[in-house]
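Each chain is listed here by its residues.
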Amino acid sequence: MVDLSVKLCNLSLDNPVIPASGTFGYGREYLDFYDPNILGSFSFKGTTKELRFGNPAPRIADCTAGMINSVGLQNPGVEEVLRTELPEMKKVFKKKVIANVCGFSVEEYVYVAEKLCADESVGIIELNISCPNVHNGGMSFGTDAKCAYEVTYAVKKSVTKPLMVKLSPNVTDITVIAKACEDAGADAVSLINTLLGMRIDLKTKKPVIYNKTGGFSGPAVFPVALQAVYRTYEKVNIPIVGMGGVSSAEDVIEMMLVGATAVQIGTANLKNPYACKEIIDLLPAVMEKYRIKSLKEIIGGAHR
Amino acid sequence: MQTLMLTVKSNERLNHDTFSLVLEGDNLTFSAPGQFVNVDIPGLYLRRPISVCQSTDTTVRLVFKVVGKGTALMAGYKQGDVVDVLSPLGNGFDVNAEGKKALLVGGGVGTPPLLGLAEELLKKGKEVKAVLGFNTASDIILEKDFRSLLGEGNVTVTTMDGSAGKKGLVTDALEECDVLYSCGPLPMMKAVAQKVKCKCYFSLESRMGCGFGACMGCSIQTANGAKRVCKDGPVFDGEVLIW
Ligand SMILES: Cc1cc2nc3c(=O)[nH]c(=O)nc-3n(C[C@H](O)[C@H](O)[C@H](O)COP(=O)(O)OP(=O)(O)OC[C@H]3O[C@@H](n4cnc5c(N)ncnc54)[C@H](O)[C@@H]3O)c2cc1C
Ligand SMILES: Cc1cc2nc3c(=O)[nH]c(=O)nc-3n(C[C@H](O)[C@H](O)[C@H](O)COP(=O)(O)O)c2cc1C
Ligand code: FES
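From a predicted model like this one, the values you see are computed outputs, not experimental measurements. (Residues numbered from 1 in each chain as written. Chains lettered and ligands numbered in written order. Predicted model: local features only at pLDDT ≥ 70, side-chain atom pairs only at ≥ 80, totals over all residues. Heavy atoms only, no water.)

Digging into the interface of chain A and chain B
Rules: Residue contacts are defined here by distance: any two heavy atoms, one from each residue, within 4.5 Å place the two residues in contact. Buried area: the sum, over both parts, of the accessible surface (1.4 Å probe) that disappears when the two are put together. What counts as a salt bridge is simple: a side-chain nitrogen of Lys or Arg found within 4 Å of a carboxyl oxygen of Asp or Glu. For this analysis, a polar contact is any N or O atom pair within 3.5 Å, provided that within protein one partner can donate a hydrogen and the other can accept it, and provided that sequence-adjacent residues contribute only side-chain to side-chain pairs.
Counting residues at the interface gives 31 residues for chain A, matched by 27 residues for chain B. Summing both partners gives a buried area of about 2500 Å² for chain A against chain B, and 57% of it is carried by carbon and sulfur. The largest contributions to the chain A side of the interface with chain B come from A:Glu29, A:Phe53 and A:Lys271, which together make up 27% of the buried area. Linking chain A with chain B are three salt bridges. Here A:Glu29 makes a salt bridge to B:Arg228, at a shortest N to O gap of 2.8 Å. Linking chain A to chain B there are 13 residue pairs in polar contact (both at pLDDT 80 or more).

Shown next, in the form of structure tokens:
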């Protein structure tokens, strides 16, 4: 018998497989495919203070081994999430979830995080700091160590549950931002969010995406994600949740070997809605093949 | 919703760029005409959404136009090939809408789902007429299928250049009806919506990430708030659409 369980902050997870924010809605869309309770947890759609429609269409582009999205945080707003989405979710998902929080100012992050923290289904707050900072010229919170520190510090003071900060790879050195978040009190970091990307439609000779650029994700970004987690593991002492292109049980193990305590899976779910179930089902056999008895024991193994 | 491994029964060319692909397999159930499937194409990342043209318990017919890489690869499918599709997706047309006289208005490669719709409406005892618009004679598809199903006189074909049928737009050939169902290019559907007063249903397209409601990639703004074309649509009541 192999052991898939891991501990992330104060959460004991049956396995390290966690669908990533923005690819799993609030959990309901997958009920036709499998029972979500087989998952370690899941991270729900990025939630903001106010309702957001997001960006104009087209907001999806196909790429070699991946995709670009510029959904732009479409969500019903935190009050509506608390009033309808989470109660519906709780009927079908009995484990703790990860609440993905977005905002356009420090106050908004704090507001949304406090509200979601109060819901008993939430186990961890995941702060998505890739949003533009409206008070700072629109630059993303996550691309500046000082901004990242400030927002992490402010949210950490106002929540009682573990705080995980989700990092953008669109920076010169992701480890500097990770360290700033750790210094500000983050209990964990998750990485990577999407990489900036674009496609051109040869017929119109214009960008496919209305907003011109969007976030690139999927199997093509896996090597980028691995090095980001590997280097971050060397710089911080808090747990890391690894993601970016993970699509198989083997990928999960690679991600844990470079230092991930748990692994999020995003885009793979969109192509194959059974992706997380298949990965969980296959993990024991792949672990046996590589003589791994317990996933906990391989975390960061590539550094030793 | 599930992924199905279907076998290609036939793949025929209908004209210079449009193909009729019949897939065979078990568990093919659709709740309404106008639903779609999402086709996984080896070598491409995202699946490609294609409407169901016609279906039986064991077959589904997809009619598609080659416009890019994915549809070009689908044109090469041979009898016996295995295709992974996610199905059934979307809401489909409401065949129980009030009124006896139904008018189907199709444009180009938007006509295929209207064929399956016509079959279901006839089963419900409705009087069905169709107006099918194309750019030019060589683009025409499914004309025979519609004529043999609905009767010669109940189908009007229009072409923009007058090379076949009536010259002009579908809006030049609309007839009085109780309920109108349309699928085609957005400007065509918009023109239809502006011209008629009856109950209208429109089938929309959008670039899709997942096709089953999880990613919000396909959303549109409607009078009732944000809606996902893949899950809340692709068919929308004309009253809620913001053109
Ligand atoms: C609900 C629905 C039903 C459809 N039914 C049919 C049908 O019955 N017959 C048919 O010929 N076509 C149909 N389409 C359009 C069809 O999905 C596109 O033509 C096809 O995806 C193009 O893929 P490609 O790789 O050949 O083109 P590419 O241009 O190489 O595609 C690149 C990307 O753009 C997307 N894309 C391109 N054109 C469209 C479009 N018009 N709508 C949505 N996404 C697009 C593709 O899915 C892919 O992600 C439907 C679309 C939707 C949303
Ligand atoms: C359609 C889509 C929507 C996303 N929305 C969010 C979001 O709301 N919040 C967030 O933190 N990340 C969001 N992401 C990023 C993913 O959670 C993930 O970090 C990224 O896609 C890399 O992982 P992957 O390659 O496994 O998808 C989104 C990604 C996609 C593809
Ligand atoms: S395509 Fe993903 S929600 Fe519609």
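Overview of the packing of aromatic side chains
Residues and elements named next belong to chain A. Stated formally: Any two of the Phe, Tyr and Trp rings considered here, Trp counted by its six-membered ring, make a pair once their centres fall within 6.5 Å; the pair's planes then place it as stacked at under 30 degrees, edge-to-face at over 60, or tilted in between. Each helix corresponds to a stretch of at least 4 residues labelled H or I by DSSP, and each strand to a stretch of at least 2 residues labelled E; elements are numbered beginning at the N terminus.
According to the stated counting rule, one finds 15 aromatic pairs over all chains in the structure shown. Taken together, a centroid distance of 4.0 Å and an interplanar angle of 10° make the contact between Phe24 and Tyr30 stacked. Residues Phe24 and Phe42 carry aromatic rings whose centres are separated by 5.2 Å and whose planes lie at 50° to one another, so their mutual orientation is tilted. Within this pair, whereas Phe24 is found in the loop between β3 (17-19) and β4 (60-63), its partner Phe42 is found in the loop between β3 and β4, the two being separated by 18 residues in sequence.

Things to note about the sheet that holds strand β13 (residues 214-217) of chain A
Residues and elements named next belong to chain A. Note the threshold: Here, any two strands with at least 2 DSSP bridges between them count as paired. Axes here mean lines fitted to C-alpha atoms, for a helix over just the part in contact, with angles spanning 0 to 180 degrees between N-to-C directions.
The antiparallel open sheet is built from four strands, whose spatial order is β4-β5-β13-β10. Two strands close off the open sheet at either side, each with one partner strand: β4 and β10 (195-197). Recorded for the sheet is a direction-independent mean angle of 35° between the axes of neighbouring strands. As paired strands, strand β5 (residues 66-69) and β13 are joined by three bridges and run antiparallel to one another.

Considering the site of ligand 2
In plain terms, the rule: Only heavy atoms are used to decide nearness, and a residue is near a molecule or strand if one of them lies within 4 Å of it. For accessible areas, the Shrake-Rupley method is used with a probe of radius 1.4 Å. Any residue's cover is judged against the shown protein chains and nothing else. Cavity and pocket criteria rest on a 1 Å grid covering protein atoms alone: a 1.4 Å probe that fits but cannot get out defines a cavity, protein on both sides within 12 Å along at least 5 of 7 lines defines an open pocket, and an atom within 4 Å of a point defines a lining residue. What decides whether a molecule sits in a cavity or pocket is whether more than half of its atoms lie within 2 Å of the grid points. Amino acids outside the nonpolar list (Ala, Val, Leu, Ile, Met, Phe, Trp, Tyr, Cys, Pro) and the charged list (Asp, Glu, Lys, Arg) are all regarded as polar, and Gly is one of them.
The local shell around ligand 2 holds 22 residues, among which A:Ser21, A:Lys166, A:Gly218, A:Gly245 and A:Thr267 are the closest. Around ligand 2 the close residues trace back to chains A and B. In the environment of ligand 2, an oxygen atom lies 3.0 Å from a nitrogen or oxygen atom belonging to the side chain of A:Asn100. If ligand 2 stood free it would expose 610 Å²; the protein chains cover 97% of that surface. Because more than half of its atoms lie within 2 Å of the grid, ligand 2 is assigned to the second largest pocket. Of the residues contributing to the shell around ligand 2, the split by class is five nonpolar, 15 polar and two charged.

Describing helix α8 (residues 275-289) of chain A
Residue and element names in this part refer to chain A. The test is simple: To estimate how far a helix should reach, multiply one less than its number of residues by 1.5 Å. Three exposure classes are used, based on accessible area relative to the maximum for each residue type with a 1.4 Å probe and protein chains only: buried under 20%, partly exposed in between, and exposed over 50%.
With 15 residues, α8 extends 20 Å between its outermost C-alpha atoms, agreeing within 8% with the 21 Å of an ideal straight helix rising 1.5 Å per residue. Along α8, the positions that sit buried rather than exposed are Ala275, Cys276, Ile279, Ile280, Leu283, Val286 and Met287. Of the residues flanking the end of α8, it is Arg291, one or two places downstream, whose phi is positive at about 50°.

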